[in-house]
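Inside the fold
Here is how the chains run, residue by residue.
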Amino acid sequence: MNRAASLLAVVGLSSLALVGCSSSADSNPSASPSESAKVVATVYGQAVPPNAPGQVLTQYAVTIPPGAAIAAHEHPGQQIGRITAGELTYTIDKGTLTIFEGTATPGHQVPSRTVTGPTTVTLTAGTTIAEADGMVHNAKNNGTVPVEITLSILTPKGDPLSVPVPLPTSTPTASAS
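Presented here is a report on the structure given in the accompanying data block. Each chain has its residues counted from 1, following the order in which its sequence is written. Where totals are concerned, whole chains, interfaces and linings use all residues; where local detail is concerned, this predicted model gives features only for residues with pLDDT of at least 70, and gives and counts side-chain atom pairs only at 80 or more. Hydrogens are left out, water is left out, and the side-chain values use all remaining heavy atoms of the structure.

1. Focus: the overall build of the chain
Counting its secondary structure elements, the chain contains two helices and 12 strands. A run of H or I in DSSP counts as a helix once it spans at least four residues, and a run of E counts as a strand once it spans at least two, with each numbered from the N terminus. From first element to last, N terminus to C terminus, the chain shows the α and β order α-α-β-β-β-β-β-β-β-β-β-β-β-β. When the 177 residues of the chain are sorted by exposure, 37% land in the buried category. Contacts are assigned to residue pairs that have any heavy atoms within 4.5 Å of one another. Across the chain, contacts joining residues at least 24 apart in sequence account for 77% of those joining residues at least 6 apart. Relative accessibility under 20% of the residue-type maximum defines a buried residue, over 50% an exposed one, and the middle range a partly exposed one, all with a 1.4 Å probe and only protein chains included.

2. Let's talk about unusual backbone geometry
In this structure, P118 follows G117 across a cis peptide bond, with omega equal to 10°. For P118, the location among the structural elements is in the loop between strand 7 (112–116) and strand 8 (119–124).

3. Structural notes on the nonpolar core
Counting residues in each nonpolar core, the largest one holds 24 residues, and the members touching the most others are V62, I64, L88, Y90, L97 and L123. Sequence-distant contacts of L88, defined by excluding residues within four places in its chain, comprise I64, I83, V121, T122, L123, A139, K140, N141, V147 and I149. The nonpolar core is taken to be a set of buried Ala, Val, Leu, Ile, Met, Phe, Trp, Tyr and Cys residues, with the residues joined through side-chain atoms within 4.5 Å.

4. Notes on the sheet that holds strand 10 (residues 136–140)
For two strands to pair, DSSP has to find at least two bridges joining them. With antiparallel pairing, the five strands of this open sheet are ordered in space as 8-5-10-3-12. Each end of this open sheet is capped by a strand with a single partner; those strands are strand 8 and strand 12 (163–164). Pairing geometry for strand 5 (residues 87–94) and strand 8, over six bridges, is antiparallel. In the sheet register, Y90 faces strand 8, and the bridge partner there is V121.

5. Notes on the side chain of T91
With respect to the element layout, T91 can be found in strand 5. Residue T91 is classed as buried on the basis of its relative accessible area of 17%. N or O atoms within 3.5 Å of each other form a polar contact, as long as, within protein, one can give a hydrogen and the other can take it, and as long as residues adjacent in sequence are counted only when both atoms are side-chain atoms. A polar contact is formed between the side chain of T91 and the side chain of T120, at a distance of 2.9 Å. Other than its neighbours up to four places away in sequence, T91 contacts T119, T120, V136, H137 and N138.

6. Side note on empty space enclosed by the protein
Lining residues are those with an atom within 4 Å of a point, where the points come from a 1 Å grid over the protein atoms alone and group into cavities, where a 1.4 Å probe fits but cannot get out, or pockets, open sets with protein on both sides within 12 Å along at least five of seven lines. Grid points are joined across faces, edges and corners, and a volume is the space filled by probe spheres set on the points. Applying the stated criterion to the full structure yields one cavity of 30 Å³ or more. In terms of lining, the largest cavity is formed by 17 residues, of which the most central are I70, H73, E131, I149 and L151. Where the lining of the largest cavity is concerned, the elements lending two or more residues are strand 2 (55–64), strand 3 (69–74), strand 4 (78–85), strand 5, strand 9 (127–131), strand 10 and strand 11 (147–156). When residues of the lining of the largest cavity are assigned to their parent elements, the largest contribution, three residues, is made by strand 2. The residue makeup of the lining of the largest cavity, split by class, is 12 nonpolar, four polar and one charged. Residue polarity is assigned by list, with Asp, Glu, Lys and Arg as charged and Ala, Val, Leu, Ile, Met, Phe, Trp, Tyr, Cys and Pro as nonpolar; anything else, Gly included, falls into the polar class.

Written as structure tokens, this is what we have:
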């Protein structure tokens, strides 16, 4: 298979993996497809950086409609993203998220803070986040407008953009009679 066909296959499989674990039906299993607003991932492009052998750099966007959720997942590489519209309820199940708020002039650092899970934060338009490889997280749009996120991720060649992670469920305790 030539390089262009390989990249196209990776893009297709990665997009399916992301969208496959990213619908409001995940948070409401009884919702019919017509009732479920779907999360949409659009890949803008991919490149194989010469200074990162075996890695693929992907730029993509995710749109999360009001009421839709993204199930718990992790990324097989470092990802950075910017919320460009809406307000996202973002839960860190495991790991640490870096949040950049605002902008900076060239040569200066953007103010940042880290948040370690388990915890939930609200991310608004203009906020940039950095997600480390293996950080488990999920998100939901509790607002009234779509959440738009532009992302870039560096992953090992052939890996999907995201991998679903089943979260442990609590087990009911037996009552003493």
